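Listed below, chain by chain, are the residues.
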Amino acid sequence: MSSKRFLSLLVLVFGLFFQANYSFAQQEEKPVVAGTEAAAEHKEEKKGINITEIVFGHVSDSHEWHFFSTESADGKENAFAIPLPMIIYQPGKGLSFFLSNKFEEWKKNEETQTYISNSHEGLHMEKKMKEKVIADDGSQVYDFSLTKNVISMFIGVFLLLWLMTKASKNYKYGPMNAPKGFQNFIEIVVVFIRDEVAIPNLGAKKAGKFMPLLLTIFFFIWINNLLGLLPGGANFTGNIAVTAFLALVAFIVMIANSNKHFWSHLLNPPDVPFAAKVLLVLIEIMSLFIKPIALMIRLFANMLAGHIVILSVICMIFIFAGLSKLAGTMFIPVSIAFSIFMFMLELLVAAIQAFIFANLTSVFLGQVMEGDDHGHEAHGEHAHA
Amino acid sequence: MDLLTPELGLFFWTLIAFLAVFLILKKFAWKPILESLDEREKGIADSISTAERVKGEMTQLKSENEKLMVQAREERTAMLKEAKELKDKIVGEAKEQAKNEANKIIADAQVQINQQKNAAMAEVKNEIGTLAVEVAEKILRKQLSASEGQEAYMSMLANDIKLN
């Protein structure tokens, strides 16, 4: 686990570094382009792509579902995007509903590299790496909009509900009825979660109680991971709000099911000298909170990194094309081959991260319930690392 | 660092959707699936143990059958042997009896034959005797009808008396 976590952090750091790096590269690139093709300077500047903007535009949440943009002959950009409903709560003003295409005129603030929209109902949007809804008068705004991620999640949720209820229909014919079709697949996964995740960590007696939670976590993450990989898909599970919520669920379930044995060992470790005890208790309390935070960061960083890498590889074509048309063309096969490889890897990662999240949730649960029956002592250790 | 600040809206919708999915799937999917899996596993384990038991029983039955077969074969051989002995005995006895009977019949027959023969001989003797007497009578009558014959006879008788 520790190497995995380390890797995730590494990827996260790399991702952020990547972003910073590109901003530099971008700034350096401009004068070169301008120097070589002075005549077309104005046009080039407009056409030159901002990799940071593209990559982070794709991985961050948005109030519209953007598919692609075309440029008409007069240089005007036509975006093919679905405007999504916005639900804004302002204390004192109440809720307001409208579609996101009410914000249609965007102006770029060159100083802060921020796009600022027109004002609608006393609100406007600012877009840098993220879109933010801001009141014109600067008052507090709570944004409950059905953003791209929310819609993507709803699609995932409906898909999940449809698939699961469809698969579970066959069970009304009795348990000894041979499973068929999709049901077979679900059963394999369910049995895997039960036998490899729940029972080894929680013990056979308690596994049944937490199976619905673990299964829901696993399938919820998995299906949303996979939806995120579709072209045009949202980076739902690579969003910290989502992983924060999932980690919070794990944390609440942990605390709700923790037993006396766990707390007594945490607050008063036996057979430890007083000085060490103070330190140990401090560390243990920290580790209690670090566990869900690690869950949160792991999923977030893994999924985000996957998306960033795929997008970066695709963007490389355009970076090379910026240098010369030939280099760009030559780089297409390399880029495609590498992004196919990354896609395959991400398909694997989608399942692995869902599994890890469910597995660690059950490991942590097993730790807080330890001592209820002394049948499973050894399982806690590897998760501490 | 914008990416690391969670948005309230997405958090809120995730909360609602996740809890809804959890509750719906718990009731309509996980419960039937997990229960059915448990029951099926139990059923399969039961079936296997039953099959194992039946197999054991079958093996036992088979060995018993074989034992029975061997026993039956032995019994048959014994019976055949016994029957043969009995047959031989009966045949032997019958032969013996038949021989005895035959001997007895032969003996009887011989006795009867001898008796008949003796009777026949006696009769023949009688007949011959009678015939001889009749012939002698006739001869005597013939001889004695003449006077010399009577005299010769008289003399002969007288001779006989003399001799006595």
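As shown above, the structure is provided for reference.
Residues numbered from 1 in each chain as written. Chains lettered and ligands numbered in written order. Predicted model: local features only at pLDDT ≥ 70, side-chain atom pairs only at ≥ 80, totals over all residues.

All names here are of chain A. Taken together, the four bridges between strand β5 (residues 106-109) and strand β6 (residues 114-117) define a ladder with antiparallel strand orientation. Note that in β6 the partner of W106 across the bridge is S117. Here β5 folds back onto β6 in antiparallel fashion, the turn holding four residues, of which Q113 has a positive phi close to 55 degrees. (Pairing = 2+ DSSP bridges. Helix = DSSP H or I, 4+ residues; strand = E, 2+ residues; numbered from the N terminus.)

Take the sheet that holds strand β7 (residues 123-127) of chain A next. Residues and elements named next belong to chain A. With antiparallel pairing, four strands are arranged side by side in an open sheet as β5-β6-β7-β8. In the strand order of this sheet, the two ends are held by β5 and β8 (131-135), each with one partner. Going from strand to strand, the sheet's axes swing by 30 degrees on average, the running direction of each strand aside. Bridge count between β6 and β7: two bridges; the pairing is antiparallel. Directly across from Y115, in β7, lies its bridge partner K127. (Axes fitted to C-alpha atoms, helices over the stretch in contact; angles between N-to-C directions.)

The strands making up a sheet associate through hydrogen bonds between their backbones, and the pairing can be parallel or antiparallel. Residues and elements named next belong to chain A. The strand order β4-β3-β9 describes an open sheet built from three strands, whose pairing is antiparallel. Edge positions in the sheet fall to β4 (94-99) and β9 (142-143), since each has one partner strand and no second. Examined bridge by bridge, strand β3 (residues 85-90) and β4 share six bridges and lie antiparallel to one another. Of the residues in β4, the one forming a bridge with Y89 is L95.

The next subject is the packing of helix α4 (residues 148-168) of chain A against helix α1 (residues 8-145) of chain B. Helix-helix packing is described using two parameters, namely the angle between the two axes and the distance between the axes. Two elements in contact, α4 of chain A and α1 of chain B, have axes whose closest approach is 10 Å; the angle formed by their N-to-C orientations is 5 degrees. What the angle tells us is that α4 of chain A and α1 of chain B run roughly parallel. Along its contact with α4 of chain A, which presents N149, V150, M153, F154, V157, L160, L161, M164, T165 and S168 of chain A, the element α1 of chain B presents L10, W13, T14, A17, V21, I24, L25, F28, A29, P32 and I33 of chain B. (Parallel < 35°, antiparallel > 145°, perpendicular 65-115°, else oblique. Contact = placed C-beta atoms within 7 Å.)

Such coordinate-based values are descriptive only and should not be taken to indicate function.
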